[in-house]
Structure formats: C-alpha cells, structure tokens
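The lines below spell out each chain.
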Amino acid sequence: MTDIVGILERELGAAAIVGPGHERHDDYGRDESPLPEFYPPACAVLVESTEQAAAVLRICLEHEVPVTPRGAGSGMCGGCLPVSGGVVLSTERMQKILEIDPADLVAVVQPGVITGVLQTEVEAQGLFYPPDPASLEFCSIGGNAATNAGGPRAFKYGVTREYILGLEVALMGGEVLRCGRRTAKGVTGYDLVAGFVGTEGTFGVITELVVRLVPKPPAAATVLGVFRDVAAAGAAITMLLRDGLRPRVLELADKSSIDHIRAKSRYRFPAEAGAIVLIEVDGEPESMEMMMEKIGLRCDELGAIDVLAATEPAERRAVWEARRLISPSLKEAYRIKVNEDICVPRGKIVEMLARVEAVSSETKIETAVFGHAGDGNLHVNFLSNEDPADPAVQKHMWAAAARVFEHTVALGGTLSGEHGIGTTKRDYVHLEQSERVIEWQRKWKAMWDPRGLLNPGKKLPARTKPCSE
Ligand code: MLT
Ligand code: ZN
C-alpha cells in the first residue's frame, strides 16, 4: 500500500501535513453539512502556494490517490469531505490579497482569503465586493468560487460567478492553467472560468482569482416588514417583486427562525412577528430615502403589522448579525438540521411556502424557513432532536427533504440555489436533470479528471447502470 502521507511529507515538508494523531486531523473529516458520518482523510495538506497545490495533485495522480479540495470547510453539502478517503488539499493558508486595483476595478487574491476580510479591505478603498454568503466571516473566496456562493445581496448584485473574471487552477496531475481575463468584458474562446466556478472542486483546484469589484454604494439602509405569518410575508414579497422596486436585499424569515434568534440577538424583533421581510436598499442618500419610504408604504398596504427602519450603521449591523445567526442557532438547538436551499421561480414563492408547510404536517417534522426569498431561494430546514445515528430517523428526515425537492422541481425550481450538491444531494439530481444531461456532465468531468480522483463522490449521481454509449 502506498505510504502517501510519507511521500507528501518528504516532498512538501512535515509542516504542511496534518496526519493521523495531529490535533486537527479530525476537523478535515467534517464540514457544516448535516451528515452524521465522519470521513477522516489519510492526511490533509495545507498548501501555501500554487506550486505546492500542483505538487499534491501530481503526486496523488502518480499514486492513484483521491484528492479532496477544501477551502474553509464551511460548506453545507459535504463537498469538501473525503468520502473516498485519500488526501484533503486545503487552501486555508493561501490568504494573500495580492492586489486591489481601483482603476481596473479588480482584486487579485489567493483562494484562502476570508470573504469578509476581502470586503473590508476593498471597502477601505471605496470599492465593493457584493457577494455576501451568511458565513462571510469565516468562509473563503476560493470556496465561494468553487460553490458559486450566493447571499442576500445576490438579489441586486448577482452571485459569485458574476464577480470572477479570471482564475488560476491546478489540475489533477499538476498542470497549472490560467484562464479568463482582467477586463470588464471579454468573449475570446470558451468561458472556462464560468466552467470552473460552481464545479465544487471536481474539475480543478482554484489557486488564484481575479475578482471584479464595483464602486461602494454611498449609503445603505434596512427596512423590516413584520407580518402575521409566513404566507402573508411570502405574498408581500411576490407583490414587491411585481412593483419592480430594486432593493439590494429581499429576505424572509418565518416565526420559527425568528424565535430561535430572539434571545441572542442584539436587535429586538417585535414580539408579535409571525414572519419578517428584510429589505435593504442602497445608493445615493436622497434616492434611497425615497425608496425606503415607498417600500414602507407598500409593506403597510400589503398587510404588514409593523414596519421598522434601521438606518444607523450600528442598528443595521445588529439586524444582520441576527440574520446570520439563524442558521447557527438552529444548529445549536437541534441534534439534526437538514438544511436545504431550494430555489423556485419567483412567481411560485407563495405556493412553495404552502407546500413546505404541507410536508411538515404530513411528516410531523418541525421546519424553519428563511432566506433569499426575493430570488425564490428558500432555506428549508428540517429539524429534530432524535438520535442522528439512528438510520430510521435519518431516512425519515431525508424522505421529507426529497418531498420538498419533488415539489420544487414540479414548480419549475432547482434543488440548490447556492449551497451546492456536494455529497448530500447527489442522489436527488435525477429529480431535476435527465440522464442525458447528467451523462454529458460526466463526460465534461472526465475531460479534466479521467481517473476520477479529484473530489470523487460529489456533484453528480453515482452511475447505477453502464453508460449507454
Ligand atoms: C444563509 O443564508 O444563512 C445560509 O446560506 C443558509 C444556511 O446557513 O443554512
Ligand atoms: Zn443563504
């Protein structure tokens, strides 16, 4: 048997290796997904440069060892778990912001840069990096690109893909490829950058990124519409969308989500809130004020029982801290949290919310729903305090998730709006995509990784029958 740990240690030095017995070794067998299993790797390699990343990929191909790329480990679908064993290639030490260029409106960064740190740094120069996954204080930009992460501001500004202009990628076998551009526009050749973004580390390992920036909006303010229940809040979102107003954020949280953050949050949510719609606007102060007024009036007309404005930075920070606490608070309160991130066409939000409620009462599983409702992207959480190690319990939870996936697809939606497929959702991809579509994706994957060693067991369903060709 190949001593891959020893080989990597000799080539890269012991300081790069987290092997069995190391206090952090177990960390690389887990992420933020709801999987009860733990997948310890042979070792994790904490690379510090593109050359080191390429060396790991060369050595692992030579010895036929699977490699699982990992950013900050904040993913929710098991995308960075070494489910087939082998080596975890972590980019967490590649934390340099190499360049921020206000003239070109770009930043060049290493993949381990924490997204929130990049945002603070560019904002200090009057610039703005809009994608804001809820985990922005601890997730990394390389992981965001690998999963094509979203976030609340995607409503106005779009998701990570819209902000990645160029990439350096290390391929299985050790070749390093630079693709994309630094210009605002560019259509030379096929769009390989778009091809790598969102492939969850199954095509290559991102080792450097050219990120598009925009000017920082001069001001922002947050409005909270308080509704009696989630159906009323969902209906208000549908109407606000029809009005053509363009806030930068249009979020929803149901009563269960709010109740789980009440005690911890510095922001005091109204006691009578059965659901909230969180709206944020940005722009020039005058136009923003007008927009806030319009939105406030419209929420009143749409049945809000209260409308609150947060204009002071400290107050807005408190609202957002509270919003970002929803997911961790649910995780703390329950032994099992199967958190999905379905996305439906915007016109189907109200119907989808009703169907989630129906699945909850059919299965008798508690749910909490929150998220980026303006994009039709709902975080549907199935919650339980039963034993996570009990296969019957897991089966019941995932059967409920599968029902929600079926409803989602029936309404013209997609299984994952932003978290990815990873390993937790790969068995459900066939609900949304035809076998032919899946087969073409397998061919695409095989082009980059013919031996199937890079992040195996992710993104696409396992082949159950031989390929028809
Ligand atoms: C969020 O928007 O808070 C996350 O994407 C969802 C989650 O953590 O479940
Ligand atoms: Zn989200």
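Quick look at the structure, then.

### Points about helix H9 (residues 285–301)
The terminal C-alpha atoms of H9 lie 24 Å apart, and with 17 residues this matches the ideal 24 Å at 1.5 Å per residue to within 8%. Looking at H9, one finds that the buried residues are Met288, Met291, Met292, Ile295, Gly296, Arg298 and Cys299. Projected down its long axis, H9 carries its buried residues within an arc of 165°, all on one side. Of the residues in H9, the exposed ones pointing more than 90 degrees away from the buried face are Glu286, Glu289, Met290, Glu293, Lys294 and Glu301. For H9, the secondary structure elements touched by its buried residues are strand S12 (219–227), helix H7 (230–242), strand S14 (275–283) and strand S15 (306–310). Of the residues flanking the end of H9, it is Gly303, one or two places downstream, whose phi is positive at about 100°.

### Structural notes on the packing of H7 against helix H11 (residues 349–363)
A pair of packed helices can be characterised by two numbers: the angle between their axes and the separation between those axes. Relative orientation of the contacting elements H7 and H11 amounts to 160°, with a least axis distance of 8 Å. Here H7 is positioned roughly antiparallel relative to H11, judged by the angle of their axes. Crossing hand, H7 versus H11: right-handed. Facing H7, whose interface residues are Val230, Gly234, Ala235, Ile237, Thr238 and Leu241, H11 presents Ile349, Val350, Leu353 and Glu357. By residue class, the composition of the contact of H7 with H11 is 7 nonpolar, 2 polar and 1 charged.

### A look at the coordination of the zinc ion (ligand 2)
In the first shell of the zinc ion (ligand 2), the protein supplies His372 (NE2), His379 (NE2) and Glu418 (OE), at 1.9 to 2.1 Å from the metal. Donor residues for the zinc ion (ligand 2) sit on one chain with the sequence pattern H-x6-H-x38-E. One end of the pair, His372, is in strand S17 (residues 366–372); the other, Glu418, is in the loop between helix H12 (391–410) and helix H13 (429–432), and 46 residues separate them in sequence. Summarising the burial analysis for this pair, His372 and Glu418 share the class buried.

### Focus: the nonpolar core
The biggest cluster of nonpolar side chains holds 54 residues, and the ones touching the most others in it are Ile237, Leu250, Ile279, Met352, Leu378 and Phe382. For this core, the leading source of residues is H12, giving 8 residues. If near-sequence neighbours (up to four positions away) are discounted, Leu378 is found in contact with Glu340, Asp341, Ile342, Met352, Leu353, Val369, Phe370 and Ala373.

### Section: the site of ligand 1
Close contacts around ligand 1 come from Met76, Ala134, Arg323, Ser327, Asn339, Phe370, His372, His379, Glu418 and His419, and that covers them all. Within the side chain of Glu418, an N or O atom sits 3.1 Å from an oxygen atom of ligand 1. Grouping the constituent residues of the shell around ligand 1 by class yields 3 nonpolar, 5 polar and 2 charged.

### Details of the sheet that holds strand S2 (residues 43–46)
A sheet is described by the order of its strands in space; here 4 strands give the open sequence S1-S2-S4-S3, paired in mixed fashion. Strands at the two margins of the open sheet, each flanked by one partner only, are strand S1 (17–18) and strand S3 (67–70). Pairing between S1 and S2: 2 bridges, direction antiparallel. Its bridge partner lying in S2, Ile17 is registered against Val45. Strand contacts of helix H1 (residues 4–12): S1, S2 and strand S4 (87–90), with the helix running at about 15° to S2, the strand carrying the most contacts. Relative to the sheet, helix H2 (residues 50–62) contacts S2, S3 and S4, its axis offset from that of S4 by approximately 165°.

### Overview of the sheet that holds strand S10 (residues 205–212)
A sheet is described by the order of its strands in space; here 5 strands give the open sequence S5-S6-S10-S8-S9, paired in antiparallel fashion. Either end of the sheet is taken by a strand with one partner, and the two such strands are strand S5 (97–101) and strand S9 (176–180). Direction aside, neighbouring strands of the sheet carry axes that sit 10° apart on average.

### Here we look at the pairing of strand S16 (residues 336–343)
Looking down a regular strand, the side chains alternate between one sheet face and the other. Judged by how many residues are buried, S16 sits mostly within the fold: 8 of 8 residues are covered. Burial along S16 is two-sided: the residues Ile336, Val338, Glu340 and Ile342 and Lys337, Asn339, Asp341 and Cys343 are all buried.

### A look at the layout of surface pockets
A probe matching the size of a water molecule, rolled over the atoms, marks out where space remains unfilled. The calculated volume of the second largest pocket comes to roughly 940 Å³. Around the second largest pocket, the lining is made up of 39 residues, and of these Gly198, Thr199, Gln441, Lys459 and Leu460 lie nearest the centre. Secondary structure elements with two or more residues in the lining of the second largest pocket: helix H6 (192–196), H13 and helix H14 (435–448). Top element by residues in the lining of the second largest pocket is H14. It accounts for 5 residues. A per-class count over the lining of the second largest pocket returns 12 nonpolar, 16 polar and 11 charged.

### Side note on the packing of aromatic side chains
By the definition in use, this model includes 9 aromatic pairs. Ring centres 5.6 Å apart and planes at 70° place the aromatic pair Phe128 and Tyr157 in the edge-to-face group. Residue Phe128 is found in strand S7 (residues 127–128), and its partner Tyr157 is found in helix H5 (residues 154–157); the two are separated by 29 residues along the sequence. Accessibility classification places Phe128 together with Tyr157 in one group, the buried group. Centroid distance Tyr129 to Tyr163: 5.9 Å. Interplanar angle 80°. Geometry classified as edge-to-face. Of the two residues, Tyr129 sits in the loop between S7 and helix H4 (141–147) while Tyr163 sits in the loop between H5 and strand S8 (164–170), which places them 34 residues apart along the sequence. Here the two residues Tyr129 and Tyr163 agree in accessibility, since each one is buried. What links up through ring pairs into an aromatic cluster is the set Phe196, Phe203, Trp444 and Trp448. Over the ring of Phe38 we find Arg30; its NZ or CZ atom is 4.4 Å from the centre of that ring. Stacked on the ring of Phe155, the Lys or Arg Arg246 has its end atom at 4.6 Å from the ring centre.

Procedures and definitions
- Residues numbered from 1 in each chain as written.
- Chains lettered and ligands numbered in written order.
- Predicted model: local features only at pLDDT ≥ 70, side-chain atom pairs only at ≥ 80, totals over all residues.
- Heavy atoms only, no water.
- Helix = DSSP H or I, 4+ residues; strand = E, 2+ residues; numbered from the N terminus.
- Expected span 1.5 Å × (residues − 1).
- Buried < 20%, exposed > 50% of the residue type's maximum accessible area, 1.4 Å probe, protein only.
- Arc of directions from axis to C-beta.
- Contact = heavy atoms within 4.5 Å.
- Axes fitted to C-alpha atoms, helices over the stretch in contact; angles between N-to-C directions.
- Parallel < 35°, antiparallel > 145°, perpendicular 65-115°, else oblique.
- Left-handed = near helix turned anticlockwise from the far one by under 90°.
- Nonpolar A, V, L, I, M, F, W, Y, C, P; charged D, E, K, R; others polar.
- Donors = N, O, S within 2.8 Å, 3.2 Å for Na, K, Ca; no water.
- Core = buried A, V, L, I, M, F, W, Y, C linked by side-chain atoms within 4.5 Å.
- Near = heavy atom within 4 Å.
- Polar contact = N/O pair within 3.5 Å; in protein donor to acceptor, adjacent residues only side chain to side chain.
- Pairing = 2+ DSSP bridges.
- 1 Å grid on protein atoms, 1.4 Å probe; cavity = no way out; pocket = protein on both sides within 12 Å on 5 of 7 lines; lining within 4 Å.
- Points joined across faces, edges and corners; volume = space filled by probe spheres on them.
- Phe/Tyr/Trp six-rings, centres within 6.5 Å; stacked < 30°, edge-to-face > 60°.
- Lys NZ or Arg CZ within 6 Å of the ring centre and 35° of its normal.

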